[in-house]
Amino acid sequence: MKILKIAAVSAVFAAQFTMAQFKQTPLPYAYNALEGSIDAQTMEIHYSKHGAAYVTNLNKAIAGTPQEKQTLIQILSETSKVSPAIRNNAGGHYNHELFWTILTPEKNTQPSPQLAKAINEAFGSMDAFKEKISKAGADRFGSGWAWLSVSKGGKLFVSSTPNQDNPLMDIVEERGTPILGIDVWEHAYYLKYQNKRADYLSAIWNVLNWKEVSKRYDAAISKK
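Residues numbered from 1 in each chain as written. Predicted model: local features only at pLDDT ≥ 70, side-chain atom pairs only at ≥ 80, totals over all residues. Heavy atoms only, no water.

Enquirer: An account of the packing of helix 5 (residues 113–123) against helix 6 (residues 126–139) is requested, with residue identities and associated values reported.
Expert: Between two packed helices, both the angle of their axes relative to each other and the distance between the axes serve to describe the pair. At a minimum axis distance of 8 Å, the contact between helix 5 and helix 6 shows a crossing angle of 70°. When the axis of helix 5 is compared with that of helix 6, the two are roughly perpendicular. With respect to the hand of their crossing, helix 5 and helix 6 are arranged in left-handed fashion. Two secondary-structure elements touch here, helix 5 through Ile 119, Asn 120 and Phe 123 and helix 6 through Met 126, Ala 128, Phe 129 and Lys 132. Residues that form the contact of helix 5 with helix 6 fall into these classes: five nonpolar, one polar and one charged. (Axes fitted to C-alpha atoms, helices over the stretch in contact; angles between N-to-C directions. Helix = DSSP H or I, 4+ residues; strand = E, 2+ residues; numbered from the N terminus. Parallel < 35°, antiparallel > 145°, perpendicular 65-115°, else oblique. Left-handed = near helix turned anticlockwise from the far one by under 90°. Contact = heavy atoms within 4.5 Å. Nonpolar A, V, L, I, M, F, W, Y, C, P; charged D, E, K, R; others polar.)

Set out below in structure tokens:
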């Protein structure tokens, strides 16, 4: 039953990117499932308020525009042509939908051998990678995201974007397919960690879903 539930959630996640009326994917775990690293109140507010607002406002922003007939990926790939409302809310919706899936209450998940090898080749070691992406998140001034992405050439790279931008957008310096994104907006961590963003970035590894990240890596590489 658990496998069927996960498969159903994944199917909803994929399908909603092709619908004119975008929807939130149901959270694949309880609000309190990540306690110790991310508290229940933060998860509930983050998902049911912030995440919900992005999808609601995206649907309002695209109404009556050409983007109403596009997939979310198409919208993001042509961000330079859309209004700020569409850019911000399309990015916010995509980024959060990815974020929910790369977190898990399952303990000690591990990257696939293929992803582990790619991380070692790109960054020298897993520890070096974690240090690099954590620094990208810590150094992001104001609100934004830290990313692990696959480039058009199939190589891994770490980057950071402001606000709700992401590497799929045609307005960012480093473009690629995101496979791991860490939200460093204050609403993602402030209730538990206050101004200690570095502590939040350290704790996120305790609930990281390496199985999902590995799946995304395989999918990105298969398209190259």
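Next, the rest of the story.
Enquirer: An account of the nonpolar core is needed here, citing residue identities and associated values.
Expert: Membership of the largest hydrophobic core comes to 59 residues, with the highest contact counts inside it found for Phe 129, Leu 156, Leu 180, Ile 182 and Tyr 200. Filtering out sequence-adjacent residues up to four positions away, Phe 129 remains in contact with Ile 119, Phe 123, Leu 148, Val 158, Leu 180, Trp 205 and Trp 210. (Core = buried A, V, L, I, M, F, W, Y, C linked by side-chain atoms within 4.5 Å. Buried < 20%, exposed > 50% of the residue type's maximum accessible area, 1.4 Å probe, protein only.)

Enquirer: Pulling in residues and values, what's your account of the packing of helix 2 (residues 40–62) against helix 4 (residues 84–101)?
Expert: Contact geometry for helix 2 and helix 4: axes closest at 8 Å, N-to-C directions at 140°. With respect to helix 4, the element helix 2 is oriented oblique. When you trace helix 2 past helix 4, the crossing you get is left-handed. Residues Met 43, His 46, Tyr 47, Gly 51, Ala 53, Tyr 54, Val 55, Asn 57, Leu 58, Ala 61 and Ile 62 of helix 2 lie in contact with helix 4, whose contacting residues are Ala 85, Ile 86, Asn 88, Asn 89, Ala 90, Gly 92, His 93, His 96, Phe 99 and Trp 100. When the residues that make up the contact of helix 2 with helix 4 are grouped by side-chain class, the tally is 13 nonpolar, eight polar and no charged.

Enquirer: Describe the environment of Glu 97, with residues and values.
Expert: Tracing the chain through its elements places Glu 97 in helix 4. Take Glu 97: its relative accessible area is 2%, and that puts it in the buried class. Here the alpha-carbon distance between Glu 97 and Tyr 47, two residues 50 residues apart in the chain, equals 9.4 Å.

Enquirer: Pulling in residues and values, what's your account of unusual backbone geometry?
Expert: The phi dihedral of Asn 163 is positive, around 55°, even though this residue is not glycine. Tracing the sequence through the fold places Asn 163 in the loop between strand 2 (156–162) and strand 3 (177–183). The exposure class assigned to Asn 163 is partly exposed, which follows from its relative accessible area of 40%. With a phi close to 50°, Gln 194 is a non-glycine residue in the positive phi region. With respect to the secondary-structure elements, Gln 194 resides in the loop between helix 7 (190–193) and helix 8 (197–203).

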